[in-house]
Amino acid sequence: MLGSLRARLIISFALVVALAVFLAGAGALFLLRDKQQETARDRYGRLADPLADRLQTYQATGTTLDKTKELLNTRADELDARILLLDQDQSVIFDSEDNKLNGKFILAFETKRVAQHSAGGVTYQYVDYNQAGEQLTLFTVERAAPDQGFAAPNYEALIAIPQSRLTSAWLDLVPRLALAGAIALSVSFVVSYFISRSISGPLARITEASKQMAQGDYDVHIPIRGQDEVGRLSEAFNQMAREVGHSHQMMKDLLANVSHELKTPLTSIQGFSQAMVDGVVQSDDDVKEYSRTIHEEANRMRALVDDLLLLSQLETGQVEMQQEDVDLRALLEYTLERFQFAIRDAGIESGLRVERIPDVVGDPRRLEQVFSNLIQNAVRHTPIGGIITVTARTISGGHTSVGVHNTGSFIPKDDLPRVFERLFQVDRARTRKGGSSGLGLSIVREIVEAHGGTVRAVSSEETGTEFVIVFPNPKTVAVRHSRAATEPKPSKPRSRPAAAPRTAPP
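Residues numbered from 1 in each chain as written. Predicted model: local features only at pLDDT ≥ 70, side-chain atom pairs only at ≥ 80, totals over all residues. Heavy atoms only, no water.

Moving on to the overall build of the protein chain. When you go through the protein chain residue by residue, the secondary structure sums to 11 helices and 13 strands. When burial is assessed residue by residue, the protein chain has 37% of its 506 residues classed as buried. Of the contacts made within the protein chain by residues no fewer than 6 positions apart, 66% connect residues no fewer than 24 positions apart. Counting every atom, the protein chain has about 29300 Å² of accessible surface; 54% of that belongs to carbon and sulfur. (Helix = DSSP H or I, 4+ residues; strand = E, 2+ residues; numbered from the N terminus. Buried < 20%, exposed > 50% of the residue type's maximum accessible area, 1.4 Å probe, protein only. Contact = heavy atoms within 4.5 Å. Areas by Shrake-Rupley, 256 points an atom, 1.4 Å probe, with all protein chains shown as cover.)

Time to look at the nonpolar core. Residues Leu332, Val370, Phe371, Leu374, Val419, Phe467 and Ile469 are the most contacted members of the largest nonpolar core, which totals 48 residues. Sorting elements by how many residues they give to this core places helix H10 (residues 364–381) first, with seven residues. The contact partners of Ile469, leaving out residues within four places of it in the chain, are Val370, Phe371, Leu374, Thr400, Ser401, Val402, Val448, Thr454 and Val455. Residues Tyr44, Tyr58, Phe139 and Ile159 belong to the second largest nonpolar core, which totals 22 residues. (Core = buried A, V, L, I, M, F, W, Y, C linked by side-chain atoms within 4.5 Å.)

On to the side chain of Thr465. Residue position: Thr465 is located in strand S13 (residues 464–471). Among the polar contacts listed, one links the side chain of Thr465 to the backbone oxygen of Ser409, at a separation of 3.1 Å. One polar contact links Thr465 to Ser459, side chain to side chain, over a distance of 2.9 Å. In this view, Thr465 contacts Val404, His405, Asn406, Ser409, Phe410, Ile411, Val458 and Ser459; residues no more than four positions away in its chain are not counted. (Polar contact = N/O pair within 3.5 Å; in protein donor to acceptor, adjacent residues only side chain to side chain.)

To continue, consider the sheet that holds S13. With respect to topology, five strands assemble into an open sheet ordered S8-S10-S11-S13-S12, the strand pairing being mixed. Edge positions in the open sheet fall to strand S8 (349–354) and strand S12 (454–460), since each of these has one partner strand only. Taking the axes of each pair of neighbouring strands and ignoring which way they run, one obtains an average angle of 15° across the sheet. Across seven bridges, the pairing between strand S10 (residues 387–394) and strand S11 (residues 400–406) is antiparallel. Across the sheet, the residue bridging to Arg393 is Ser401, located in S11. (Pairing = 2+ DSSP bridges. Axes fitted to C-alpha atoms, helices over the stretch in contact; angles between N-to-C directions.)

The next point concerns a nonpolar patch on the surface. The grouping of Leu179, Ile183, Val187, Val191 and Ile195 at the surface amounts to a nonpolar patch, some 420 Å² of accessible area in total. Tracing the chain through its elements places Val187 in helix H5 (residues 173–214). Using a relative accessible area of 45% as the deciding quantity, one classes Val187 as partly exposed. (Patch = residues over 30% accessible without salt bridge, like charges linked within 9 Å, V, L, I, M, F, W, Y side chains within 5 Å. Salt bridge = Lys/Arg side-chain N within 4 Å of Asp/Glu carboxyl O.)

Structure follows, in structure tokens:
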């Protein structure tokens, strides 16, 4: 129980409240100590006036001294105070506490240490008396001349209170403060229980969901309650669960797709090589044909493995991207020129439309790979008589947009977000053409994002399909990989004048 987060939170809250109550109580006692002592002194000081009136009444009515002492003794019990009776010589003739001070002279009120105070409309005097082993504070009130024929008093009554009772008057606050502390502590336990439950509850659900994910169940969802740290943690966990589930599914799909992609060439290699081993192939021409097929299938497998390795290195940041100014117009011209024979053999046309654009900052070899993959993809999916158009222009914010468009192909809306996934095919029933590994678009996305850009696909049945790359403004590009100043830079690719690309008709 004590090992749980909820128990620790409850105990922590309770300890904090207990400490706060203790400090508040100690501070209150410190601040109210003098006030409490003054209140206690006023309480006893106000008793002096009615006691003097009563003593004067006793004298006026002819009450005997013995009777007066008896009455004063009873009054002392009622007031829970010690009463002294002095004669005119200031000698104690009665002490309600076993006559301990009888015969002692009380001359303290004749010194300069006498203090005077008013409380509740009564003015009283008090002074400390430290003699005969006693430490008392004496209270009295000065009387005016008697009215209505009363004779002057022959005796004077004093209220005598132990000094320790006045100095410890603040202790009267302790029981009330203790009660308030106990109530506050009890309430804190109740409040901390609900607070701790609101904190530990979602954490317990996250823990349980984590266990489910560890067992392979990624379809977990934690309800989000509030936008506090715990709520944001739940939201982050849900997002993580979705990403992990998606990644797990992609990994399963990748393994299945790679197995499928490798199965065909392996089957061909196995079949043709087995035929050669069994002696089925006799003529030299057949041997050459079978050997060529085996070589092509092996190259296809190698291309797939190489692309997988490259994609893995790109995703983990192991590929160092050079940072230099790249003449984008020259790079596009050169790349498109390389595909002129393939474009001509496919029976399609191509065109290049480049506005005035600035250089982009990046790795020219990797950027050439991006445009090569997109153009090769366009050649593969453009029907006979179609057109491939490469455009480049500057858009708002100083960004550079490059588009590779081809007519005659269409990607359904639901498949557009997935075209950059590994080995994804829009038409699952078709086999790959032209030795494609199915990883080209995934590599394109990784390289473009490594340059701080974005890539997207748009498609319609009327106009065809276009892949659009947006490079950031070169003035705002941060250098990602530092290079030595003396390291030579590769020359920029230039277009070859011998074979200019054909321009698409307007």
